[in-house]
Amino acid sequence: MSTILDKIAAIEAEMARTQKNKATAGHLGLLKARLAKLRRELITPKGGGGGPGEGFDVAKTGDARIGFVGFPSVGKSTLLSTLAGVYSEVAAYEFTTLTTVPGCIKYKGAKIQLLDLPGIIEGAKDGKGRGRQVIAVARTCSLIFIVLDVLKPLKHKKLIEHELEGFGLRLNKDPPNIVFRKKDKGGINLQTMVTQSELDLDTVRTILSEYKIHNADITLRYDATSDDLIDVVEGNRIYVPCIYLLNKIDQISIEELDIIYKIPHCVPISAHHRWNFDDLLEKMWLYLKLVRIYTKPKGQLPDYESPVVLHSDRLSVEDFCNKLHRSIAKEFKYGLVWGSSVKHQPQKVGKEHVLADEDVVQIVKKV
């Protein structure tokens, strides 16, 4: 283990020593690629399978799952207890929570699973503390709440971001708009749609040669960095939305609160006094991008109590059928839709029709 850590430390030291200019761009790209490979080895060690886990993986339930990530003693467990009514041990010392504690809330008809993860310490991405298991669970979440203490400096936010990025989590970012296709022969073919400030053919070649890729088509559709290219080649990056919760706002002044409100992706709350929870839940709903679809049995009123919750990436009538039951899509004849996604109320639609939030759907099966 230490050998990988030593290698990582050596590469990071060399990167810090190297000046950034056009002449060293290729060398820096190579170092970044090596660093990414070593980090991947840290996460998934080579060799046999590991022993049984200590209750870290929790079965996925509900329509989405949210992980609470943060340093020890910032109020993650208090927040889970007040939001979901689940008892997660709370005490005034650090590392009270030692394994994942699941809870569940219902909001706008959707069941959302909340996971209270143990505290992260600096160096978690290098395997310190419980960091690796914590971040492995965080990778499976649809949204991450980074819980910060208002009274502690904002450098904590930077540290946690750095730990999560080291594990291949990209917070509040879109996947890079880079087309990367391996092929059998023909060398490296680089196409750029925009003038590139950092990447040129030589740099791309250097980075890919580190991955032993010598034949590939690459299209850069925007001014990309070498990190973006490495993310695409690695292919194991996870792009997650993230909200920063600044806890313990009952201990600061109104003027400070006004300044804090200007930080992007950020919600100030007080878990102990339950302040500003409605704002938090509203923002959570916005970032999860969930859509509610109501069902309507023939000749009855729509069921507004328990909607079928879909994600905004998969909104076709076929996805809706599959969410209800696999067999429905096979027997599907047509659907009747009321709502904002259709011109007429009701309108006859096929499987490909894309639904909108709060549509009402009735499915007619083949006889």
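Position numbers for residues start from 1 in each chain and track the written sequence from start to end. Residues qualify for local features only when their pLDDT is at least 70, as the model is predicted, and side-chain atom pairs are given and counted only at 80 or more; totals for whole chains, interfaces and linings, by contrast, use all residues. Think of the side-chain values as coming from all heavy atoms in the structure, minus any hydrogens and water.

**A few points about helix α6 (residues 201-210)**
Stated formally: Think of it in three bands: residues with accessible area under 20% of the maximum for their type are buried, residues over 50% are exposed, and the middle band is partly exposed, with areas taken using a 1.4 Å probe on protein chains only. Only runs of H or I of at least four residues qualify as helices and only runs of E of at least two qualify as strands under DSSP, and these elements are numbered from the N terminus. In this context, the arc is that of the directions from the helix axis out to the C-beta atoms.
When we look at burial in α6, the residues that qualify are T203, V204, I207, L208 and E210. All buried residues of α6 lie within an arc of 155 degrees about the axis, which places them on one face of the element.

**A closer look at the sheet that holds strand β3 (residues 110-116)**
Note the following rule: Here, a strand pair is defined by DSSP locating no fewer than two bridges between the strands. Orientation is described by lines fitted to C-alpha atoms, with helices fitted over the stretch in contact, and by angles between N-to-C directions that extend from 0 to 180 degrees. Whether two residues are in contact is decided by their heavy atoms, any of which lying within 4.5 Å being enough.
The strand order β2-β3-β1-β4-β10-β11 describes an open sheet built from six strands, whose pairing is mixed. Every other strand in the sheet has two partners, leaving β2 (101-107) and β11 (266-268) as the edge strands with one partner each. Taken pair by pair, the neighbouring strands of this sheet meet at an average axis angle of 25 degrees, ignoring direction. Direction of pairing for strand β4 (residues 143-149) relative to strand β10 (residues 242-247): parallel, over a ladder of six bridges. In the strand pairing of β10, D149 is matched with N247. Lying on the sheet, helix α5 (residues 155-166) is in contact with β1 (64-69), β4 and β10; it crosses β4 at an angle near 145 degrees.

**Regarding the sheet that holds strand β13 (residues 303-311)**
Backbone hydrogen bonds hold the strands of a sheet together, and the pairing may be parallel or antiparallel. Judged by pairing direction, the sheet is mixed, and its five strands sit side by side in the order β13-β12-β16-β14-β15 without closing on themselves. Strands with a single pairing partner mark the edges of an open sheet, and in this sheet they are β13 and β15 (347-349). Ignoring strand direction, the axes of neighbouring strands in this sheet form an average angle of 40 degrees. The sheet strands contacting helix α10 (residues 317-324) are β12 (290-295), β13, β14 (332-338), β15 and β16 (359-365), and the helix crosses β13 at an angle near 115 degrees.

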